[in-house]
Amino acid sequence: MFRHVHAVDAESREPLLAGAHPQPLEQDSDEGETIFDKSALNTQSDAGAERRLTFEEAVEETGFGWFHWLLLLACGWANASDAVEILCVSFLLPTARCDLQLSSSDMGLLTASIFLGMMVGGYTWGYLADRRGRRRVLVVSLTVNGVFGALAAVAPWFWLFLLLRFISGIGVGGSIPVIFSYFSEFMPRLRRGAMISALATFWMAGNILAAGLAWLVIPRTWAHFSLGTLDFQSWRLFVVLCSVPSLSSAVLFRVLMPESPKFLMEAGREKEAIRVFQAMFKMNMWGKGKNFPEFGLCTNSKQREEPEESRTRGSRTQRLACILKTVFGPIKQMFNGSLKSRSVALLVVFYCISFGYYGLWMWFPELFERMENGGSPCANASAPSLLPNRSCYPVKTAVYAEGFIIAASNLPGNIFSILMIDRLGGKALLSGSLLASSLSIFLIYVVQTKVQSLILSCVFSGVSVITWNALDVLGTELYPTQLRSSALGFFTGVGRVAAITGNVAFGWLMDTNCAVPVLLVSALLLTGGLVALVLPQTRQTELT
């Protein structure tokens, strides 16, 4: 790693994103709270520096206050925007299926399209964030999400709508894993778990926002007008409004937010990192009359060398092989040495929760519409979804009211996560919530009334959010800085494969035997809860 110091003061006003390429650290064993070897840190003092601090020490020096709360709002809004973009499809299905002439299989493909994009974008953006910086990737991915999400509103054909949702998903796939890496790299160790859980609660806010917008906009007849040959129904206006959070979040990060100081330290960009710490200190100590303490930083001393084969002129095949080796190098590191067991366990857990949560959640509005006449979700699923005499208008507002209630039921789980994550640890919460989610889904299949199904759906919503919050904390603490975004991006991609599988399975089986996917969800959540027990405990561990 090289130490690259920018001496020009004017650069403090530029994005802190020069092309730095950190080299992965060596990993230590799983024993105890110290997970990674810190021997690569350069602790020698430069001339004129009174002392040199590690990242954790420097964060403690800046205090905790206004900066961190404002950072929570900015990152939380980005997290909420991703939730809105993902979940908006589930709310438009009951009406858009008529305008786009969708069968249940088509609806399964539509809900799966954004997850396919997220699968493609997750690892790609995560890899770029570990090499080029978190902030730039967030700005670009949020912009892709918002722009193509809005364009989908004017797509006259199903295949075009599907394509634009896929590209929007590529953007979502970048912002979800990177936002948690970025946020965690500003947090002091003792507050990190609770603050990451607080960040995760904004997913609930996005869910409520999407449900509320659907409830307010889609049933309205005033939003219906002709746009050339396009019949612009209210659900298309809903799609446009759902893109606003992503676009506004991209502007916010581009204009106001700094680069991660942890990334800058690992990239050897000491002076830029110090400037970020100074800004944090100034905001946190505003009005307290304290001066910023003088210190240097322990940056990574390993010099990053380009692979020899990448510097030589080889054939096109050799150069491509070199690029692929570089790009997929982080995955190889994740499944080697001391990281192997935790990576395999997380892979299984991400697949199980993603199949269950997204496979079921995206179909809740459709299931509740089928329960309008009473009975369990699968009791009225014998008839195909698209029949000539089945009209989408007037819109049944009860479907959106029930979606809003289920979204709001996330709140108890979020509060519980914030209060207990640092006491019980992410591992205990993850395993326990997966087992409880499995039981709630099994009971949804058993019950016979709509009210009972709604209550159990709310229980599943409240418990499953604890799973996601615990995963967000564990994912940031189980991997070093050079692998963190790549790892989260990879597991997000795995989760998207599961989400695609779940949505396609629900689409194929909804009209024939919907008991199969519901019971499969319950079994997978049970499996994930048991596998989570093999993960190491990382409560209040240091980031490396």
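Residues numbered from 1 in each chain as written. Predicted model: local features only at pLDDT ≥ 70, side-chain atom pairs only at ≥ 80, totals over all residues. Heavy atoms only, no water.

Q: For this particular structure, what's the right way to read the overall build of the chain?
A: Summing up its helical and strand segments, the chain has 20 helices and 4 strands in all. A total of 544 residues make up the chain; the buried ones form 59% of that total. Intrachain contacts of the chain at a sequence separation of at least 6 include 85% that bridge at least 24 residues. Of the accessible surface of the chain, which amounts to about 21100 Å², a share of 64% is contributed by carbon and sulfur atoms. (Helix = DSSP H or I, 4+ residues; strand = E, 2+ residues; numbered from the N terminus. Buried < 20%, exposed > 50% of the residue type's maximum accessible area, 1.4 Å probe, protein only. Contact = heavy atoms within 4.5 Å. Areas by Shrake-Rupley, 256 points an atom, 1.4 Å probe, with all protein chains shown as cover.)

Q: Please clarify how the nonpolar core should be interpreted in this entry.
A: Among soluble globular proteins, nonpolar side chains are generally buried collectively. Of all hydrophobic cores here, the largest spans 136 residues; its most connected members are Ile86, Phe238, Phe253 and Phe277. The greatest single-element share of this core, amounting to 17 residues, is contributed by helix α2 (residues 66–99). Excluding its chain neighbours within four sequence positions, the residues that come into contact with Phe238 are Cys88, Phe91, Leu92, Ala210, Leu213, Ala214, Val217 and Ile218. (Core = buried A, V, L, I, M, F, W, Y, C linked by side-chain atoms within 4.5 Å.)

Q: Quick question: what am I supposed to make of the pattern of salt bridges here?
A: When the charged atoms of two side chains with opposite charge come close together, those side chains can pair. Under the counting rule described, the total for this entry stands at 7 salt bridges. Across the salt bridge formed by Glu270 and Arg52, the nearest N and O atoms sit 2.6 Å from each other. Taken together, the residues Glu270 in helix α9 (residues 270–284) and Arg52 in strand β1 (residues 52–53) connect sequence positions 218 residues apart. Arg52 carries the same exposure label as Glu270, and that label is buried. A salt bridge links Arg134 to Asp130, with the nearest nitrogen and oxygen atoms 2.5 Å apart. Here Arg134 falls in the buried class, since its relative accessible area comes to 0%. A relative accessible area of 1% places Asp130 in the buried class. Through salt bridges with shared partners, one network takes in Asp130, Arg134 and Glu185. (Salt bridge = Lys/Arg side-chain N within 4 Å of Asp/Glu carboxyl O.)

Q: What am I meant to see in the environment of Gln278 here?
A: Take Gln278: it is sitting in helix α9. Taking C-alpha positions, Gln278 is 9.9 Å from Glu294, a pair spaced 16 residues apart along the chain.

Q: Explanation requested: a nonpolar patch on the surface in the structure shown.
A: Taken together, the side chains of Leu439, Phe442, Leu443, Tyr445, Val446 and Leu519 define a hydrophobic patch exposed on the protein surface, amounting to about 490 Å² of accessible area. Within the fold, Leu439 resides in helix α17 (residues 426–446). Overall, the relative accessible area of 53% leaves Leu439 in the exposed class. (Patch = residues over 30% accessible without salt bridge, like charges linked within 9 Å, V, L, I, M, F, W, Y side chains within 5 Å.)

Q: I'm lost on the side chain of Ser433 in this one. Help?
A: By the element assignment, Ser433 lies in helix α17. What makes Ser433 buried here is its relative accessible area of 4%. In this structure the side chain of Ser433 is engaged in a polar contact, spanning 2.6 Å, whose partner is the side chain of Thr467. (Polar contact = N/O pair within 3.5 Å; in protein donor to acceptor, adjacent residues only side chain to side chain.)

Q: Can you walk me through the confidence of the model for the chain in this structure?
A: The predicted coordinates of low-pLDDT regions are not to be read in fine detail. Per-residue confidence for the chain gives a mean pLDDT of 76; residues scoring 70 or more make up 76%. Across the chain, the secondary-structure element scoring lowest on mean pLDDT is helix α10 (residues 308–311), at 45, and the one scoring highest is helix α4 (residues 134–151), at 92. Taken together, the stretch residues 1–49 has pLDDT below 50 and engages in 134 contacts with residues farther than four places along the chain or on a different chain. In the predicted structure, residues 303–312 sits below a pLDDT of 50 and forms 13 contacts with residues beyond four places in sequence or in another chain. (pLDDT = per-residue confidence, 0-100.)

Q: Sorry, what's going on with the packing of helix α13 (residues 340–361) against helix α20 (residues 515–531) here?
A: Each pair of packed helices gets described by two things: the angle between the helix axes and the distance between those axes. Between α13 and α20, the shortest axis-to-axis distance is 8 Å and the interhelical angle comes to 155 degrees. When the axes of α13 and α20 are compared, the pair comes out roughly antiparallel. Handedness of the crossing formed by α13 with α20: left-handed. Packed against α13, whose contacting residues are Ala345, Val348, Val349, Cys352, Ile353, Phe355 and Gly356, the element α20 presents Leu520, Val521, Leu524, Leu525, Thr527, Gly528 and Val531 at the interface. Broken down by class, the residue content of the contact of α13 with α20 amounts to 11 nonpolar, 3 polar and no charged. (Axes fitted to C-alpha atoms, helices over the stretch in contact; angles between N-to-C directions. Parallel < 35°, antiparallel > 145°, perpendicular 65-115°, else oblique. Left-handed = near helix turned anticlockwise from the far one by under 90°. Nonpolar A, V, L, I, M, F, W, Y, C, P; charged D, E, K, R; others polar.)

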